[in-house]
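What follows is the residue order along each chain.
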Amino acid sequence: RRHTRYGTVTGVQTCALPISSASPGPIREVVQGLDSTSNVAAGATIVLTINASMIFRPTRLMVGPALASLFTIDDIRVAADSLFLSAGAVPAEAFLPNAVTASALKRRTAQPGTPISLTITNIDGAPHRFRAAFFGEATDVSSC
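Since the model is a prediction, treat every value here as computed from it, not as a measurement. Sequence order as written defines residue numbering, which begins from 1 separately in each chain. It should be noted that, the model being predicted, local features are given only for residues of pLDDT at least 70 and side-chain atom pairs only at 80 or more, the latter also being counted only at that level, while totals for whole chains, interfaces and linings use all residues. Only heavy atoms go into the side-chain values, all of them from the structure, while hydrogens and water stay out.

A. Quick look at the nonpolar core. Grouping buried Ala, Val, Leu, Ile, Met, Phe, Trp, Tyr and Cys residues that are joined through side-chain atoms within 4.5 Å yields what is termed a nonpolar core. The rule is simple: take the accessible area with a 1.4 Å probe, protein chains only, and divide by the maximum for that residue type; under 20% is buried, over 50% is exposed, in between is partly exposed. Counting 29 residues, the largest nonpolar core has Leu 61, Val 63, Ile 73, Ile 76, Phe 130 and Phe 134 as the members making the most contacts within it. Segments assigned H or I by DSSP are reported as helices when at least four residues long, segments assigned E as strands when at least two residues long, and all are numbered from the N terminus. When contributions to this core are tallied by element, the ones reaching two or more residues are strand 3 (28-40), strand 4 (45-51), strand 5 (55-63), helix 1 (65-68), strand 6 (71-78), strand 9 (115-122) and strand 10 (128-139). Apart from the residues lying within four places of it in its own chain, the contact partners of Ile 76 are Leu 61, Asp 81, Ser 82, Leu 83, Phe 84, Phe 95, Leu 105, Ser 117, Leu 118 and Phe 134. In what follows, a contact means two residues having at least one pair of non-hydrogen atoms within 4.5 Å.

Shown next, in the form of structure tokens:
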């Protein structure tokens, strides 16, 4: 058992090491891109989902200034847990690179394989491709 910033880690297996001696690697800052890969229709709501490949705690969502006025962020979830205080859309401008609220997500940590989802709505009258980035703290449980 090892106590980390993410809680107690037990039973994590790394390459060819016994389960009892495995421990996560160092904590580091990482970035994960989000991309709708195609245009989101005017007025449409979609869910973008990534799966954590390591222990990951999202700390910040960043939406570029060219897209921020065109979308709302309706929810951010780690597994089934919303990172929002209550239901309701937030203007994507709240997640601009220099926004004060940009680092307000430090509420849940995803284990490897945990889905992290972002629900967005295109509030513009035309279709647009959505791109953003999650920044956060991660630690690798594998030495492979």
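B. A look at the environment of Pro 127. Mapped onto the secondary structure, Pro 127 falls in the loop between strand 9 and strand 10. Exposure remark for Pro 127: the relative accessible area of 45% places this residue in the partly exposed category. Sequence separation between Pro 127 and Leu 70 is 57 residues, and the spatial gap between their C-alpha atoms is 9.4 Å. Discounting chain neighbours no more than four positions away, the residues touching Pro 127 are Asn 39, Val 40, Ala 41, Ala 42 and Asn 122.

C. The arrangement of the packing of aromatic side chains in detail. Pairing of aromatic side chains requires ring centres within 6.5 Å, counting the rings of Phe and Tyr and the six-membered ring of Trp. Pairs whose planes differ by under 30 degrees are stacked, by over 60 edge-to-face, and all others tilted. Within the structure shown, the criterion is met by 1 aromatic pair. With a centroid separation of 4.9 Å and 70° between ring planes, the pair formed by Phe 71 and Phe 130 is classed as edge-to-face. On the criterion of sequence distance, the pair formed by Phe 71 in strand 6 and Phe 130 in strand 10 is long-range, its members being 59 residues apart. Summarising the burial analysis for this pair, Phe 71 and Phe 130 share the class buried.

D. Summary view of the confidence of the model for the chain. Considering every residue of the chain, the mean pLDDT works out to 81; 77% of them sit at 70 or more. Confidence of the predictor at the level of single residues is given by pLDDT, which spans 0 to 100. For residues 1-22, every residue scores under 50 in pLDDT, and the model assigns this stretch 37 contacts once sequence neighbours within four places are set aside.

E. Representation of the sheet that holds strand 3 within the structure. Taken in spatial order, the 3 strands line up as 3-10-5 in an open sheet, and their pairing is antiparallel. Strands with a single pairing partner mark the edges of an open sheet, and in this sheet they are strand 3 and strand 5. Sheet twist, expressed as the mean angle between neighbouring strand axes with direction ignored, is 25°. Here strand 5 runs beside strand 10; their pairing, made up of 8 bridges, is antiparallel. If you follow Phe 56 over to strand 10, its bridge partner there is Ala 138. In this scheme, strands are said to pair when DSSP sees at least two bridges between them. Interaxial angle, 0 to 180 degrees, is taken between N-to-C directions of lines fitted to C-alpha atoms, where a helix line uses only the stretch in contact.

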